[in-house]
Amino acid sequence: MNPLYDAIMPVAVRPDIVFTSGSGSWLTDSHGRQYLDFVQGWAVNGLGHCHPAIVSALQQQCATLINPSPAFYNQPMLELASLLTQNSPFDHVFFTNSGAEANEGAIKLARKWGALQREGAYKIITFDNGFHGRTLATMSASGKAGWEQLFEPKVPGFIKVPFNDIEAVKQAIDSQTVAIMLEPVQGEAGVIPAAQSFVEQLRALTHQHNLLLIFDEVQTGMGRLGSLLACQQYGVEPDILTLGKGIGGGVPLAALLAKKTASCFEPGDQGGTYNGNPLCCAAGLAVLKTVLEPGFLPQVIASGDYLTNGLTTLSSRYGLGEVRGRGLLLALNTASIDARQLVAAALEQGLLINAPRPETLRFMPALTVTRHEIDRMLAILDQVIGSCTKP
């Protein structure tokens, strides 16, 4: 065991591996062994490891201006915000350092709006098994199993109902309700998409009751599903939307987007020391420009279809469960096989995959993943599943 590990606070169970470099879909450890990465930092590295556009943007920006303070404008901040609003239905952008911070901002914005427009309404309806982050407020908003008694008392005002159950949502609305907040695809729950009709009914319901609709697109945004934003696939415009993970391509960056009708922060209401700094925004600008290039998003859809077909073949071969998801956010139900056992066995074969649930494997490769790399992943997974099903 490396004695240097002792200095790291044990907040996660980590294997005895130290990664030293990465390129595209591949990571290399301190012993020179390569790993095929289908986790990519939990959908963070949308362009893969060390994409040339991001590397170049960071090199140029760090030699020019790193952090002038959030009290001033900087060019990458302005350009990234402008490009986001040009390619979405939103008017205003507030940059943050993490998806949790962006979601925290969305919660604060909704409550400020409720104070101004809904006579102090503050309750937000969220969903069982949802995941919105690890701050106290975003943990309170989440429906993650096992968190009910952690870090009590939590922030009040979050009403959780079953996902895809519009009647439960209707029953939860009262005079103090200000918003409904959801992930269009619940990632940590095992890649569970919201039904098209459910999202449409939510939008109609929020219009009927004068409520805000908030989309948490920390995991689904920035091309992950094959469109820039998941809301565009659903054909529904929320009032507030959050981005994280993929927007920075590996650099700490997230964003809170809002329509003018919901954007009610005043100077002093919100802030952050590093928010909107030019170094991170330069990386985000490189990512967004790449994702918006002609042919990029159609290729994500094609790669997602190819991976879906491969996973479906494996499921049929071994009698496993359904393949869920959209684009390059996919899951395979492993039925009676412990998904965590498959993750451990895959790691030994040089493949990184993720098990958000005991019966679910999740796949979040780089959006630039090649068919050869998908074939390689499927071959390793085939071998691993086969070894785990042998008597």
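As shown above, the structure is provided for reference.
Attention here is on the structure that accompanies the text. (Residues numbered from 1 in each chain as written. Predicted model: local features only at pLDDT ≥ 70, side-chain atom pairs only at ≥ 80, totals over all residues. Heavy atoms only, no water.)

Attention now moves to the side chain of E183. With respect to the secondary-structure elements, E183 resides in the loop between β7 (177-182) and β8 (185-186). Among buried Asp, Glu, Lys and Arg side chains, E183 stands out as unpaired, with R362 the closest opposite charge at 7.2 Å. A distance of 2.9 Å separates a polar atom in the side chain of E183 from the backbone nitrogen of F131. Filtering out sequence-adjacent residues up to four positions away, E183 remains in contact with G130, F131, H132, F163 and D216. (Helix = DSSP H or I, 4+ residues; strand = E, 2+ residues; numbered from the N terminus. Buried < 20%, exposed > 50% of the residue type's maximum accessible area, 1.4 Å probe, protein only. Lys, Arg positive; Asp, Glu negative; His and termini not counted. Salt bridge = Lys/Arg side-chain N within 4 Å of Asp/Glu carboxyl O. Polar contact = N/O pair within 3.5 Å; in protein donor to acceptor, adjacent residues only side chain to side chain. Contact = heavy atoms within 4.5 Å.)

For the structure shown, the criterion picks out five aromatic pairs. Between F19 and Y35 the ring centres are 5.2 Å apart and the planes differ by 90°, which places this aromatic pair in the edge-to-face class. You can see F19 sitting in strand β1 (residues 19-23) and its partner Y35 sitting in strand β3 (residues 34-37), a full 16 residues away along the chain. Judged by relative accessible area, which is 34%, F19 ranks as partly exposed. Between F131 and W147, the ring centres sit 5.4 Å apart and the planes meet at 50°, which makes this aromatic pair tilted. You can see F131 sitting in the loop between β5 (123-127) and α5 (136-141) and its partner W147 sitting in the loop between α5 and β6 (158-161), a full 16 residues away along the chain. The residues F131 and W147 share a single accessibility class, namely buried. (Phe/Tyr/Trp six-rings, centres within 6.5 Å; stacked < 30°, edge-to-face > 60°.)

Now for empty space enclosed by the protein. Taken as a whole, this structure holds one cavity of 30 Å³ or more when the rule is applied. Size it by volume and the largest cavity reaches roughly 60 Å³. Taken together, A43, G46, Q219, G221, M222, R224, G246, V287, V291 and L367 make up the full set of residues lining the largest cavity. (1 Å grid on protein atoms, 1.4 Å probe; cavity = no way out; pocket = protein on both sides within 12 Å on 5 of 7 lines; lining within 4 Å. Points joined across faces, edges and corners; volume = space filled by probe spheres on them.)

A few words now on the layout of surface pockets. For the second largest pocket, the calculated volume is near 670 Å³. Along its surface, the second largest pocket is lined by 26 residues, and Y73, M77, V93, F94 and F95 are the ones closest to its centre. Here the lining of the second largest pocket takes four residues from strand β4 (residues 92-96), the largest share from any one element.

The next thing to look at is the nonpolar core. Counting 78 residues, the largest nonpolar core has F38, V169, L307, F363 and M377 as its most contacted members. Those residues within four positions of L307 in sequence are excluded, and the remaining contacts are F38, L328, L330, F363, P365, I374, M377 and L378. By size, the runner-up hydrophobic cluster in this structure holds 21 residues, among which are A110, A141, V178 and A262. (Core = buried A, V, L, I, M, F, W, Y, C linked by side-chain atoms within 4.5 Å.)

Turning to a nonpolar patch on the surface, a few remarks are in order. Where nonpolar side chains cluster on the molecular surface, the patch consists of L136, L150 and F151 and spans about 280 Å² of accessible area. Tracing the sequence through the fold places L136 in helix α5. When its relative accessible area of 43% is taken as the criterion, L136 is described as partly exposed. (Patch = residues over 30% accessible without salt bridge, like charges linked within 9 Å, V, L, I, M, F, W, Y side chains within 5 Å. Areas by Shrake-Rupley, 256 points an atom, 1.4 Å probe, with all protein chains shown as cover.)

With 14 residues, helix α7 (residues 196-209) should cover 20 Å at 1.5 Å per step; its first-to-last C-alpha distance of 20 Å lies within 8% of that length. Two residues or fewer past α7, N210 is found with a positive phi of approximately 55°. (Expected span 1.5 Å × (residues − 1).)

A separate point is the sheet that holds strand β15 (residues 351-352). Taken together, four strands build an open sheet; the order of strands is β1-β2-β3-β15 and the sheet is mixed. Two strands lie at the open edges of the sheet, namely β1 and β15, each paired on one side alone. Sheet analysis places β1 next to strand β2 (residues 26-29), joined by four bridges and oriented antiparallel. Residue pairing across strands places S23 opposite W26, the latter belonging to β2. (Pairing = 2+ DSSP bridges.)

This part takes up the pattern of salt bridges. Under the counting rule described, the total for this entry stands at 11 salt bridges. In this structure, the salt-bridge partner of E167 is K170, at a minimum N-O distance of 3.4 Å. Residue E167 and its partner K170 are located together in helix α6 (residues 166-172), separated by three residues, close to a single helical turn. Under the relative-accessibility criterion, K170 is labelled partly exposed at 41%. A salt bridge links R362 to E188; the shortest N-O distance between them is 2.8 Å. Placement of R362 in strand β17 (residues 360-363) and of E188 in the loop between β8 and β9 (192-193) is noted, with a sequence separation of 174 residues between them. A relative accessible area of 18% means that E188 is categorised as buried. Through salt bridges with shared partners, one network takes in K112, E266 and D269.

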